[in-house]
Amino acid sequence: MSPRAGHPLRLIAAICAALALGGCGIGAGADPDAPIGLSVTRDFGARDALDIPDAKVSGADTVMRVLRRNATVKTRFGGEFVQSINGIAGGRRDGRPVDWFIYVNGSLTDQGAGAIDVHGGDRLWWDHHDWGLTPDIRAVVGSYPEPFVHGEGGKRLPVRVECVDPKGASCKVVADKLIALGIPIGRSNISRSAADETLRILVGPWTAMRGRDAEADAVDRGPKASGVFARFDKAGTALSVLDERGATVRTLGARTGLIAATRAEQRQPVWFVTGTDDAGVASAARALDEGALSDRFALAISDDLPVALPATGDRGAGGG
Amino acid sequence: MFYVRRASPLHAARASVAAAYAVALVTAVLAFENPIALAAVGVAILGAALLAGAGRILLRAALYGVPFAIVIALINPLVTDEGLTVLLRLGDIGPLGKLDVTLEGLTFGAILGLRALLVVLASGALLGATVDADELLRGFRRISVRSALTAALAVRLVPVLGRDARRLADARRCRPDATPKPGAAERLQIVRAVATGALDRALDVAATLEVRGYATAAAAGGPRRLREPWSRHDHAFAASAAGLVALAGGARLLGLAGYDAYPRTVVAAGPGEWLLAAALVLVALLPFADRRGIER
């Protein structure tokens, strides 16, 4: 063999190595190391269409492929976006736009579902809802304990519990619940954080939290800015429950808690465990569990009763 | 351009009917994605070409069509990853995004390639070999004489330019400094000379037509010809064309010969599909059974 004859082989070997390093390979790839949860709901989680705790997966599937393995799906835009699931289609309802949205571990994805790989333990939540007010509800609480356990993109993220009173009872309840799930956490006072890769849970009364954080400011600006369909009054002592159009359905007074999440561009989600007063924060901290939060975009707690947000016709403002 | 009048029932049919027959075969190809139905239409096209004595032309067209079909078959799995059976993970590839080659994508690519090949064979080879372009254009003259004349001249000009190119290439080889095999630059020179010659020829043709009075109103009407009665072959192939279109449309309406490409390949392969396949072949080839009066 001439000295030059080896060049093509070396080139092929280099290409193969580059492809292998880039996540390429033959076949479907290795199966995820933990079950993938798949939920399909309508109207902001008000109605269940499908709930599979251990969805069918084959190898290194994408979010779209997992959905197609477990439901009847019609797609558009070259198979990247979902048009209908089990016959429920996007389009218009009562003159308002409705479509399917995908939340992976509680975060709205910014890519087509065909471009996102699933990882062991991920929770995939498809919801069909009215997006006339905003299509941009970037973070939801209904996949709890995600994103705290498995993070994003198969990478676990640092978690920090930031409290108005780090030694207070509600702060301890929230921290203990996360530690019980095996999540290593940091605790601190609330601060304007520049840490983009940290998942933060802010605990405390809204009056003490207001103005101290960019995400808290977004919640005060309303659902278009934050994706949270609830608004505290100027004094922070009452919470307005909003419907999908942004209209106030009812107002909750003292002892009201709120668990909600929002997400700014290029940052990880920020969760709020807050309320109109200490009693409200305490009831929100108690409600921080999988059963209460499942399939909720956000949750208000009034007299220890859950109020799903946004309020929808089917579920009503007081429905659980 | 490949047309030679042969002793076959299809050649005996009038040009418009033969063209309609080829178009019906193309319609049948485009109507189906089911491989059983497509294979049947393929058999029909192949059978028609062989029975019309155009097998060689079909083979030549296939030499060009097969690589084209292979390219389509290979591109499809790269532009869609809707299938569920992943064969190859290519990772993120720049603007194409995340790319997985799936069995379903490959299968549907093969179907699309087969359809493209059959369209080339039916609309290119079979139509070109069995339809007298001049006769067909004479029919169009009733609708628009200028368009028909332009089309007829264009069709005639292609072989003329081909001969020009061969003559120029021969002349080039006679030069003392000529290479035995012309390179890209020499080929380009010939193409440039032929293209320039084409413009000259077009001007000559225009002048000749004007001298012959084609621009006058009387010529625009064209000479009056007696209408020829329809022959048995005209009737047979027209019925066959109508039958093929009816079978394709009927199958679509009845939901026969279904094919789901994604997320998993599902091919309908029941008795209905096999009956449809047999009917397609029978309806397409039955007119060839009558070989009376095929010589002109």
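**Regarding the interface of chain A and chain B**
Each partner contributes residues to the interface: chain A has 20 residues there, and chain B has 16 residues. Summing both sides of the interface, chain A and chain B together bury roughly 1500 Å²; the carbon and sulfur share of this comes to 43%. When the buried area of chain A at its contact with chain B is split by residue, A:Arg65, A:Arg68 and A:Arg69 rank highest and sum to 38% of it. Put simply, chain A and chain B have 2 salt bridges between them. When the shortest N-O distance is used, the salt bridge between B:Glu82 and A:Arg68 registers 3.2 Å. Where chain A touches chain B, the interface holds 5 residue pairs in polar contact (both at pLDDT 80 or more). Only strand S1 (25-26) and helix H2 (63-70) of chain A provide two or more residues apiece to the side of chain A that touches chain B. Of the residues forming the side of chain A that touches chain B, the biggest block, 3 residues, is contributed by H2(A). As judged from the 2 bridges shared by S1(A) and strand S1 (residues 86-92) of chain B, these two strands associate in the antiparallel manner. Following the sheet pairing, A:Gly25 is matched in S1(B) by B:Arg89.

**Here's the deal with unusual backbone geometry**
Peptide bonds are mostly trans, and most non-glycine residues show a negative phi. All names here are of chain A. In this structure, Pro147 follows Glu146 across a cis peptide bond, with omega equal to 10°. Inspection of the secondary structure puts Pro147 in the loop between strand S10 (123-130) and strand S11 (159-163). Unusually for a residue other than glycine, Asp94 sits at a positive phi of about 50°. Tracing the backbone shows Asp94 in the loop between strand S7 (91-93) and strand S8 (96-104). Even without being a glycine, Gln266 presents a positive backbone phi close to 60°. Turning to its location among the elements, Gln266 is positioned in the loop between strand S17 (256-262) and strand S18 (270-275). With a relative accessible area of 70%, Gln266 lands in the exposed category.

**Considerations on the pattern of salt bridges**
Here the idea is simple: oppositely charged side chains can pair when their charged atoms come close. Residue and element names in this part refer to chain A. Summed over the entire model, instances satisfying the criterion amount to 29 salt bridges over all chains. Among the salt bridges present, the one from Arg200 reaches Glu215, with a minimum N-O distance of 4.0 Å. Within this pair, whereas Arg200 is found in strand S13 (residues 199-205), its partner Glu215 is found in helix H5 (residues 214-221), the two being separated by 15 residues in sequence. With a relative accessible area of 1%, Arg200 lands in the buried category. Since its relative accessible area comes to 2%, Glu215 is described here as buried.

**Re the state of the cysteines**
All names here are of chain A. Scanning the entire structure with this criterion turns up 1 disulfide over all chains. A sulfur-sulfur distance of 1.9 Å marks the disulfide that ties Cys163 to Cys171. Here Cys163 and Cys171 share a disulfide; its torsion about the S-S bond, 75°, makes the bridge right-handed. Note on Cys171: relative accessible area 2%, which makes it buried.

**Points about the sheet that holds strand S19 (residues 298-302) of chain A**
Residues and elements named next belong to chain A. The sheet built from 7 strands is open, its strands ordered S12-S11-S13-S18-S17-S19-S20 with mixed pairing. The sheet is open, and its two edges are formed by strand S12 (185-189) and strand S20 (305-309), each paired on a single side. Put simply, the sheet's adjacent strands are angled 20° from each other on average, direction ignored. Note: S11 against S13, 5 bridges, orientation parallel. If you follow Val159 over to S13, its bridge partner there is Leu199. Strands in contact with H5 are S13, S17 and S18; relative to S18, the strand with the most contacts, it is inclined by about 65°.

**Topic: the confidence of the model for chain A**
All names here are of chain A. Within chain A, residue pLDDT values average 89, and 91% of them lie at 70 or more. Between residues 1-5, whose pLDDT stays under 50, and residues either more than four places distant or in other chains, the model counts 1 contact. Note on residues 315-320: pLDDT under 50 across the span, and 21 contacts to partners over four residues away in sequence or across chains.

**Quick notes on the pairing of S10(A)**
Put simply, side chains in a regular strand alternate between the two faces of the sheet. All names here are of chain A. Within S10, 7 of the 8 residues are buried, leaving the element largely enclosed by the surrounding structure. Where S8 and S10 come together, 7 bridges link them in antiparallel fashion. Residue Asp99 lies in a different strand from S10, and its bridge partner there is His129.

**Brief notes about the nonpolar core**
One finds B:Leu10, B:Tyr21, B:Leu25, B:Phe32, B:Ile45 and B:Leu280 to be the most contacted residues of the largest nonpolar core, which totals 54 residues. When contributions to this core are tallied by element, the ones reaching two or more residues are helix H2 (15-31), helix H3 (35-51), helix H4 (55-79), helix H5 (103-130), helix H10 (232-254) and helix H11 (271-285) of chain B. Considering each element in turn, this core owes the most residues, 11 residues, to H2(B). Grouped together as the second largest cluster of nonpolar side chains are 28 residues, A:Ala139, A:Val174, A:Ile183 and A:Ile301 included.

**What to know about the sheet that holds strand S2 (residues 98-102) of chain B**
The antiparallel open sheet is built from 3 strands, whose spatial order is S1(A)-S1(B)-S2(B). Looking at the sheet topology across the chains shown, the edges are occupied by S1 of chain A together with S2 of chain B. In this structure, S1(B) lies alongside S2(B), joined through 5 bridges in antiparallel fashion. What sits directly across from B:Val86, in S2(B), is B:Thr102.

**Here's the deal with the pairing of strand S15 (residues 239-242) of chain A**
All names here are of chain A. Alternating positions in S15 separate into two faces, Leu239 and Val241 on one and Ser240 and Leu242 on the other, with burial throughout. Two elements, strand S14 (residues 230-232) and S15, share 3 bridges in a ladder whose sense is antiparallel. Each residue of the ladder has a partner; that of Ala230, found in S15, is Val241. As consecutive antiparallel partners, S14 and S15 are separated by 6 residues, and within that stretch Gly236 has a phi angle of approximately 75°, a positive value. The pairing of S15 with strand S16 (residues 248-252) spans 4 bridges and is classified as antiparallel. Residue Val241 lies in a different strand from S16, and its bridge partner there is Arg250.

The rules we used
- Residues numbered from 1 in each chain as written.
- Chains lettered and ligands numbered in written order.
- Predicted model: local features only at pLDDT ≥ 70, side-chain atom pairs only at ≥ 80, totals over all residues.
- Heavy atoms only, no water.
- Contact = heavy atoms within 4.5 Å.
- Buried area = accessible area lost by both parts, 1.4 Å probe.
- Salt bridge = Lys/Arg side-chain N within 4 Å of Asp/Glu carboxyl O.
- Polar contact = N/O pair within 3.5 Å; in protein donor to acceptor, adjacent residues only side chain to side chain.
- Helix = DSSP H or I, 4+ residues; strand = E, 2+ residues; numbered from the N terminus.
- Pairing = 2+ DSSP bridges.
- Buried < 20%, exposed > 50% of the residue type's maximum accessible area, 1.4 Å probe, protein only.
- Disulfide = S-S within 2.5 Å.
- Axes fitted to C-alpha atoms, helices over the stretch in contact; angles between N-to-C directions.
- pLDDT = per-residue confidence, 0-100.
- Core = buried A, V, L, I, M, F, W, Y, C linked by side-chain atoms within 4.5 Å.

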